[in-house]
Amino acid sequence: MNAQGVPMPGGRLTQEDRRLIAAWLKDGLGYAEIARRLGRPTSTISREVARNSGHSGYRAEEASRVTGERARRRKPPPRATPVVESGYGRDPEAVRAFETDFAEMMVATGLPRMTARVLSCLAVSDDGVLSAAELARRLQVSPASISNAVAYLETQAMLRRERDGRRERYVIDEEMPQRVWAESLRANQEWARIARRGAEVFGVATPAGARMDDLSRFHARINEVMLDDRVAVYAGDALTVLAALLHARRALSVSALASALGWSEERVSGALRVVEKHPHIAGPVTVVFGGSEYRAVPLVERLTAAQLAGLS
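The structure contained in this document is the topic of the report that follows. Computed from a predicted structure; not experimentally measured.

Concerning the packing of helix 5 (residues 92-108) against helix 6 (residues 113-124)
Right, so step 1: Remark: helix 5 packs on helix 6, axes separated minimally by 8 Å, with the N-to-C direction vectors making an angle of 135 degrees. One element, helix 5, and the other, helix 6, form an angle in the oblique class. The element helix 5 and its partner helix 6 pack so that their crossing is right-handed. When helix 5 is examined against helix 6, the residues Phe98, Glu99, Phe102, Ala103, Glu104, Met106 and Val107 are found in contact with a partner set consisting of Arg113, Ala116, Arg117, Leu119, Ser120, Cys121, Ala123 and Val124.
Right, so step 2: Here the residues of the contact of helix 5 with helix 6 are counted per class, giving 10 nonpolar, 1 polar and 4 charged.

Here it is in structure tokens:
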């Protein structure tokens, strides 16, 4: 909606949205909570219920029928079909169905619906880069809805912005998991810090202080576990670096690897550290550092003398 309360184009409630509204109203949820779950303004929900409620309350089927009649009377221009990438011999319908299922999974895990739809749309695009206008066209929603969803995703480090001339584009790249992991670590550290302060303010001998102390210890433990398991985030990078070194068949510096892979030097260094500290990831291959370069070599100690002789 704009400042005058006039509905913005696009983003109309679907029959599934109305079914959910009816179910959540029966569960006693308020308009604000329903709006949050659907990724809509609260005013959209209140107007929908007010316009389509009768003696028996709000009914999804009746609301869809009445809304359809209003739409036919207005005779709006036909809306564009969502754009679905169909390259690589893919079935467009299968891609569209997966994008929907992917978004629904994220909604079920707590992400607002519009935010989940934006993230899913970006994730299934091959280059992971779309502008606000492209997202609005694909999802058939208003630019304002896209802006709100992008702002949330940016705070969670799930995407980044880049400029293409006067256009702003939103990007999901290969470093997104590492950024999300780092942001989760930072958030847990903040939880532990502020809860620890609360324990000191209230005193751990009081109920409130004990609760804050438990909360601080809980998040501190989560942080420790995440720090111990961060190798999982970089395991894919480590294998990629190993594959690059094996394919090159020669020693390469960090900068040469970064240039060849299109990564930052920090990312390459992180992957190499994982290979060094967690050799089980590399399996029968290891990385040898000499001077300023790295090369991948087989772990021949896994082979017996007879096996080595048979391979010579």
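Continuing now.
So, the sheet that holds strand 6 (residues 252-253)
Right, so step 1: Strand order in the open sheet made by the 3 strands is 6-8-7, with antiparallel pairing throughout. Two strands close off the open sheet at either side, each with one partner strand: strand 6 and strand 7 (285-290).
Right, so step 2: Sheet topology places strand 6 next to strand 8 (residues 293-298); 2 bridges connect them, and they run antiparallel. Bridge assignment links Ser253 to a residue of strand 8, and that residue is Glu293.

Describing the packing of aromatic side chains
Two numbers describe a pair of aromatic rings. These are the distance of the centres and the angle of the planes.
Right, so step 1: Scanning the model with the defined rule gives 2 aromatic pairs in all.
Right, so step 2: Ring plane angle 20 degrees and centroid distance 5.6 Å describe the contact between Phe98 and Phe102, whose orientation is recorded as stacked. Highlighted residues: Phe98 and Phe102, both in helix 5, separated by 4 residues, approximately one helical turn.
Right, so step 3: With relative accessibility at 25%, the residue Phe102 sits in the partly exposed group.
Right, so step 4: Ring geometry for Phe289 versus Tyr294: centroids 4.7 Å apart, planes at 45 degrees, classification tilted.
Right, so step 5: Across the ring face of Trp24, the terminal group of Arg37 is positioned such that the distance to the ring centre comes to 5.1 Å.
Right, so step 6: Over the ring of Trp263 we find Arg267; its NZ or CZ atom is 3.9 Å from the centre of that ring.

Remarks on the nonpolar core
Right, so step 1: Counting residues in each nonpolar core, the largest one holds 24 residues, and the members touching the most others are Val118, Leu119, Leu122, Leu135, Ile146, Leu159 and Tyr170.
Right, so step 2: Among the elements of the structure, helix 5, helix 6, helix 7 (132-139) and helix 8 (143-155) are those that each provide at least two residues to this core.
Right, so step 3: By residue number, the principal contributor to this core is helix 6, which donates 6 residues.
Right, so step 4: If we ignore the near neighbours within four places in the chain, the residues touching Ile146 are Val118, Ala132, Leu135, Ala136, Leu139, Val141 and Tyr170.
Right, so step 5: Of all hydrophobic cores here, the second largest spans 22 residues; its members include Leu245, Leu252, Val287 and Ala296.

Some thoughts on the side chain of Asp237
Right, so step 1: Secondary-structure assignment places Asp237 in helix 11 (residues 231-248).
Right, so step 2: Exposure remark for Asp237: the relative accessible area of 7% places this residue in the buried category.
Right, so step 3: Separated by 2.9 Å, the side chains of Asp237 and Arg267 make a polar contact.
Right, so step 4: Once residues lying within four places of it in the same chain are set aside, the contact partners of Asp237 are Gln178, Trp263, Arg267 and Ala271.

Looking at helix 1 (residues 15-26)
Right, so step 1: Spanning 12 residues, helix 1 covers 17 Å between terminal C-alpha atoms, matching the ideal 16 Å at 1.5 Å per step.
Right, so step 2: Where helix 1 is concerned, the buried positions are Asp17, Arg18, Leu20, Ile21, Ala22 and Trp24.
Right, so step 3: Phi turns positive, to about 90 degrees, at Gly28, one or two residues after helix 1.

Here's the deal with the sheet that holds strand 3 (residues 129-131)
Right, so step 1: Read from one edge of the open sheet, 3 strands run 3-5-4, paired in antiparallel fashion. Looking at strand neighbours, the two that pair on one side only are strand 3 and strand 4 (160-164), the edges of this open sheet. When the angles between neighbouring strand axes are averaged without regard to direction, this sheet yields 35 degrees.
Right, so step 2: In this sheet, strand 5 (residues 167-171) lies alongside strand 4 in antiparallel orientation, the contact comprising 5 bridges. Bridge pairing in strand 5 places Arg161 opposite Tyr170.
Right, so step 3: Helix 7 contacts strand 3 and strand 5 of the sheet and is inclined by roughly 90 degrees relative to strand 3.

Structural notes on the pattern of salt bridges
Right, so step 1: In total, this model carries 16 salt bridges according to the counting rule given.
Right, so step 2: Glu16 is paired through a salt bridge with Arg19; the nearest N and O atoms lie 2.7 Å apart. One end of the pair is Glu16 and the other is Arg19, both in helix 1 and 3 residues apart, which spans about a single turn.
Right, so step 3: What makes Glu16 partly exposed here is its relative accessible area of 38%.
Right, so step 4: Across the salt bridge formed by Arg267 and Asp237, the nearest N and O atoms sit 2.9 Å from each other. Here Arg267 is found in helix 13 (residues 265-277), whereas its partner Asp237 is found in helix 11, with 30 residues between them in sequence.

Considering helix 7
Right, so step 1: Those residues of helix 7 lying buried are Leu135, Ala136, Arg138 and Leu139. One face of helix 7 carries all of its buried residues, which in axial projection span an arc of 165 degrees.
Right, so step 2: For helix 7, the secondary structure elements touched by its buried residues are helix 5, helix 6, strand 3, helix 8 and strand 5.
Right, so step 3: With its phi angle positive at about 55 degrees, Gln140 sits one or two positions after the end of helix 7.

What counts and how
- Per chain, residue numbering runs from 1 following the sequence as it is written.
- Local features in a predicted model are, by the rule used here, given only for residues with pLDDT of at least 70; side-chain atom pairs are given and counted only at 80 or more, and totals for whole chains, interfaces and linings are based on all residues.
- Each side-chain value is derived from all of the structure's non-hydrogen atoms; neither hydrogens nor water enter the calculation.
- Axes here refer to lines fitted to C-alpha atoms; in helices the fit is confined to the stretch in contact. Angles between the N-to-C directions go from 0 to 180 degrees.
- Each helix is a run of DSSP H or I of at least 4 residues and each strand a run of E of at least 2, with the numbering of both proceeding from the N terminus.
- Every angle not falling under 35 degrees, over 145, or within 65 to 115 is termed oblique; those three ranges are roughly parallel, roughly antiparallel and roughly perpendicular.
- Should the near helix be turned anticlockwise from the far one by less than a right angle, the crossing is termed left-handed; should it be turned clockwise, right-handed.
- Two residues form a contact once any of their heavy atoms are found within 4.5 Å.
- Note that Gly is not counted as nonpolar here; it falls among the polar residues with everything else outside the nonpolar set of Ala, Val, Leu, Ile, Met, Phe, Trp, Tyr, Cys and Pro and the charged set of Asp, Glu, Lys and Arg.
- Note: two strands are recorded as paired if DSSP finds a minimum of 2 bridges between them.
- Side-chain rings of Phe, Tyr and Trp, where Trp is taken by its six-membered ring, are said to pair if the distance between their centres is within 6.5 Å; with planes under 30 degrees apart they count as stacked, over 60 as edge-to-face, and otherwise as tilted.
- The classification of residues rests on relative accessible area computed with a 1.4 Å probe and restricted to protein chains. Under 20% of the type maximum is buried, over 50% is exposed, and intermediate values are partly exposed.
- We count a charge as sitting over a ring when the NZ of a lysine or the CZ of an arginine lies within 6 Å of the ring centre and within 35 degrees of the ring normal.
- Definition of nonpolar core: a set of buried residues of the types Ala, Val, Leu, Ile, Met, Phe, Trp, Tyr and Cys, connected through side-chain atoms within 4.5 Å.
- Polar contact criterion, stated in full: a pair of N or O atoms within 3.5 Å, where within protein one must be able to donate a hydrogen and the other to accept it, and residues adjacent in sequence count only if both atoms are side-chain atoms.
- In this analysis, the expected span of each helix is defined as 1.5 Å times one less than the number of residues it contains.
- Any Lys or Arg side-chain nitrogen found within 4 Å of a carboxyl oxygen on Asp or Glu counts as a salt bridge.
- The arc in question is traced by the directions running from the helix axis to the C-beta atoms.

Read these as spatial facts, not as claims about activity.
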